[in-house]
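# Coordinates in review
Take a look at the letters that make up each chain.
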Amino acid sequence: MTRPPIEVEHVSKEFGKFRALDDVSLQVPRGSVLGLLGHNGAGKTTLVNILSTLSPPTRGTARVAGHDVVRESRSVCSRIGLTGQFAAVDEQLSGMDNLVLVARLLGAGKRAAKNRAEELLELFELTEAAKRPARNYSGGMRRRLDLAASLVGHPDVIFLDEPTTGLDPSSRMGLWRIVENLVGDGTTVLLTTQYLDEADRLADSITVLSSGQVVASGTAEELKAEVGQRTATATLADPADAERAVNALSASGMSPVHDAERHVITTPVAASHELAVVVRALDEAGIEVSGLGLGEPTLDDVYLTLANSAHQAA
Amino acid sequence: MTTTLTAPRDRAGGTEHERRHWHGANVWTQITVLTGRSLRAVLRDPRIVVFSLLQPLIMLTLFSQVFGKALMGSIASQTDSYINYLMPAILVTTGIGASLQSGVGLITDMKNGVLGRFRALPIRLGTVLVARSLADLFRTAVQLVVLLLAATVLFGFAPEGGLAGTVSAWLLALLVSWSLTWVFLAIASWVRKEEVMQSVGFLAMFPLMFASSAFVPLDALPGWLRIVARVNPLTYAVDASRDLCLALPVGSGVWSALGTSVLLLVIGAVFAVRGFRRPL
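Residues numbered from 1 in each chain as written. Chains lettered and ligands numbered in written order. Predicted model: local features only at pLDDT ≥ 70, side-chain atom pairs only at ≥ 80, totals over all residues.

## Description of the overall build of chain B
What counts is decided by this rule: The numbering of helices and of strands both runs from the N terminus, where a helix is a DSSP run of H or I of at least 4 residues and a strand a run of E of at least 2. The exposure scheme places C-beta atoms from the backbone and then counts, for each residue, the other C-beta atoms within 10 Å of its own, assigning buried at 20 or more, exposed at 12 or fewer, and partly exposed in between. With C-beta atoms placed from the backbone, a contact is any residue pair whose C-beta atoms sit within 7 Å.
A tally of helices and strands in chain B yields 12 helices and zero strands. Across chain B, helices and strands are ordered from the amino to the carboxyl terminus as α-α-α-α-α-α-α-α-α-α-α-α. Projecting the C-alpha coordinates of chain B onto the three principal axes gives extents of approximately 80 × 35 × 30 Å. Out of the 280 residues in chain B, the part that is buried amounts to 43%. For chain B, long-range pairs separated by at least 24 residues make up 78% of all intrachain contacts whose partners lie at least 6 apart in sequence.

Listed below in structure tokens is the structure:
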């Protein structure tokens, strides 16, 4: 199969007058992870719902595992796994019964369903809890069971919609490792997240959504390079100097930003020697600085810069 | 969830050999598996069964004690004990109460999130509803049997129609219940809010129940209420159930009750499936 497992072409989705997605196009190559970043309401879940056949696009086409999500939704369904923001498990049923149920619905015989369930329970370290009703599971266990349920049918493509929201740090790390293993097996993953470290860690490429539009895409490195420069951070000894510091830096051709909460002035610097310009400007203005640093751009910077500029443009 | 998760890499996705796709179970398997799921949920939480029995038991006790003596005169032409008169009605109203609960249960299920998973599986969504209605029908059948036993043992229920009449009345009550289950599933799949569903049910149920021949004969109702009761479909269901139970001459009442039920069932099913398919 040479076609990429996820192909989205000019997809728009409208709910009445509200445009949740606006001409979104993207592709995810086999065995890779696409991180979909965006604020709440940016359209991430809407896109996942369209790709997992839960709701049709208003315009445009999307193909998953080679099948059209509208015309061939059943074929799509048998190839995908979906893990939503809220664990979609039956609270009344045990972990075991939940997985057997999904396997049976997919068409597995009783024996095969049970084998598959046992396999996944072991893999997700739920064997001991297998017989307990899922309502007694902890948040992390529920999420693991949910992910296990979406893997029952050996899916080619997995959608993870904010999979670690509300999980404690060690559960998050565990989930990340599972995802990494899946990708190692050749599974294609589309991951939505608000956590930038998550996208940075897991995603091969990142697409930033804002108000339903793709505002940037590329690898984490490319995005960082696009936003560009490193950032100089000066911590002021006397917060009252803030305005003068901003003026002094602006006068030397920089574009400083004052963070009033932390009493720091940040300003992008194109090259290392510009740090000297910052120091000189502040020194000449007679402003005392208690700390000075040069930071690499983080995904946070990318995200905030892109999403904010798109917000303001809208 | 620490170290061992990294080890069995080939098993999450399956080896190439294992990695054959399941393409969705056939409709029959879908229905049996999903019905089993709903039933198991009920069995795991017996409180549901106990509490849903409590209300009809209380009604049975109250009505038989409160109205029993007062009404003997006006029902004498049909039977010689009020409990015999009351029980066929209790069967029908309990069945309808259970249908309302099906609707509420569907909305709870929608919130639970597991329905979201079903939507992304290669199955026919209608089978989820069929399974739910069947599981609830089974539960209602058991409830009604328990009620009949309680009425027999505690209150001396011994209808003129004997076992055959009682069983036919039981079956009729189940059919009425099943058809209204589909009506309430249809409402639930469009409304999708528990509170609204509860009040729709309450508004529909109470007037229907009391402005009918369920607890008192039509002649004992004031004039205007008698007119309402005469056009109330519940009156026909209750009368039909009573005809069967009390070995009264079975007229067109039973047939119109059957026909109405089947009609409601079909209409309910069409709208339920259509409503349920709408995206969450």
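Picking up where we left off.
## Quick notes on the UniProt feature "transmembrane region" (unreviewed entry) in chain B
All names here are of chain B. Heads up, the condition is: UniProt positions are given in the numbering used here, feature names are shortened, and annotations may be inferred rather than shown by experiment.
UniProt records the feature "transmembrane region" (unreviewed entry) at residues 48-67, 87-108, 129-157, 169-188, 200-218 and 254-273, using the numbering of this structure. The span residues 169-188 is 100% helical and 0% strand by assignment, and the distance between its end C-alpha atoms comes to 28 Å. The distance from the first to the last C-alpha atom of residues 254-273 is 28 Å, and the span holds 100% helix and 0% strand.

## Focus on the UniProt feature "domain: ABC transmembrane type-2" (unreviewed entry) in chain B
Taken from the UniProt record, the annotation "domain: ABC transmembrane type-2" (unreviewed entry) applies to residues 47-279 of chain B. Within the segment residues 47-279 of chain B, helix and strand shares are 82% and 0% respectively, and the terminal C-alpha atoms sit 32 Å apart.

## A short note on the sheet that holds strand E12 (residues 257-259) of chain A
All names here are of chain A. Heads up, the rule is: When DSSP finds two or more bridges between two strands, those strands count as paired. Lines fitted to C-alpha atoms define the axes here, with helix axes fitted over just the stretch in contact, and angles between the N-to-C directions of these axes take values from 0 to 180 degrees.
A sheet is described by the order of its strands in space; here four strands give the open sequence E12-E13-E11-E14, paired in antiparallel fashion. Taken across any chain shown, the strands that pair with only one partner, and hence form the sheet edges, are E12 and strand E14 (289-295). Between one strand and the next, the sheet's axes are offset by a mean angle of 20 degrees, whatever the strand orientation. By the bridge criterion, three bridges tie E12 to strand E13 (residues 264-269) in an arrangement that is antiparallel. When the bridges of E13 are listed, aspartate 259 appears paired with valine 264.

## Here's the deal with the packing of helix H3 (residues 95-106) of chain A against helix H5 (residues 139-151) of chain A
All names here are of chain A. Counted only if it meets this: Any angle that falls under 35 degrees is termed roughly parallel, while one over 145 is termed roughly antiparallel, one within 65 to 115 roughly perpendicular, and all others oblique. Helix crossings are classified by the rotation of the near helix relative to the far one: an anticlockwise turn of less than a right angle makes the crossing left-handed, while a clockwise turn makes it right-handed. When residues are grouped by polarity, Ala, Val, Leu, Ile, Met, Phe, Trp, Tyr, Cys and Pro land in nonpolar, Asp, Glu, Lys and Arg in charged, and all others, Gly among them, in polar.
Between H3 and H5, the shortest axis-to-axis distance is 9 Å and the interhelical angle comes to 20 degrees. One element, H3, and the other, H5, form an angle in the roughly parallel class. Taken as a pair, H3 and H5 cross one another with a handedness that is right-handed. Where H3 approaches H5, its residues Gly95, Asn98, Leu99 and Val102 are matched on the opposing element by Leu145, Ala148 and Ala149. By residue class, the composition of the contact of H3 with H5 is five nonpolar, two polar and no charged.

## Digging into H5 of chain A
Side chains three or four residues apart in an α-helix point the same way, a direct result of the helix having 3.6 residues per turn. Stated precisely, the cut-off is as follows: In a helix, the anticipated span is given by 1.5 Å times the number of residues less one.
Over its 13 residues, H5 of chain A runs 19 Å from end to end, which matches the ideal 18 Å to within 8%, given 1.5 Å per residue. Here H5 of chain A has its buried residues at Met141, Arg142, Arg143, Arg144, Leu145, Asp146, Leu147, Ala148, Ala149, Ser150 and Leu151 of chain A.

## Things to note about the nonpolar core
Rule in force here: The term nonpolar core means buried Ala, Val, Leu, Ile, Met, Phe, Trp, Tyr and Cys residues held together as one set by C-beta atoms within 7 Å.
The biggest cluster of nonpolar side chains holds 145 residues, and the ones touching the most others in it are Leu51, Ile80, Leu99 and Leu190 of chain A. Counting residues per element, this core draws most heavily on helix H8 (residues 162-191) of chain B, at 15 residues. Ranked by size, the runner-up nonpolar core spans 12 residues in total, among them Ala245, Leu249, Ala281 and Leu282 of chain A.

## Re the packing of H8 of chain B against helix H11 (residues 233-245) of chain B
All names here are of chain B. At their nearest, the axes of H8 and H11 sit 7 Å apart, and the two run at 160 degrees to each other. Taken as axis vectors, H8 and H11 run roughly antiparallel relative to one another. Along this stretch, H8 crosses H11, giving a crossing that reads as right-handed. Judged by residue contacts, Gly165, Thr166, Ser168, Ala169, Leu172, Ala173 and Val176 of H8 engage Ala237, Ala240, Ser241, Leu244 and Cys245 from H11. Per-class residue counts for the contact of H8 with H11 are eight nonpolar, four polar and no charged.

## Remarks on the interface of chain A and chain B
Contacts between the two partners involve 48 residues from chain A and, on the opposite side, 39 residues from chain B. At the level of elements, helix H2 (73-77), strand E6 (80-83), H3, helix H4 (110-123), H5 and helix H6 (169-184) of chain A are the ones that each hand at least two residues to the side of chain A that touches chain B. When residues in the side of chain A that touches chain B are grouped by element, the largest group, eight residues, is from H6 of chain A. Along the lines of polarity and charge, the residues of the side of chain A that touches chain B split into 20 nonpolar, 17 polar and 11 charged.

## Here's the deal with the domain arrangement of chain A
As a reminder of what qualifies: Note that domain bounds follow an automatic or database assignment of domains.
On domain assignment, one finds that chain A holds domain 1 (6-224) and domain 2 (229-296). Each of domain 1 of chain A and domain 2 of chain A has a C-alpha centre, and the two are 43 Å apart.

## Re the confidence of the model for chain B
All names here are of chain B. Threshold: Confidence of the predictor at the level of single residues is captured by pLDDT, which takes values from 0 to 100.
Confidence in the prediction of chain B, expressed as mean pLDDT, is 84, and 92% of residues score 70 or more. Highest mean pLDDT in chain B belongs to H8 (94); lowest belongs to helix H1 (residues 9-13) (44). Within the model, pLDDT remains below 50 along residues 1-18, and this stretch shows 37 contacts once partners closer than five positions in the same chain are excluded. Across the interface, the model reports ipTM at 0.80; the global pTM reads 0.79.

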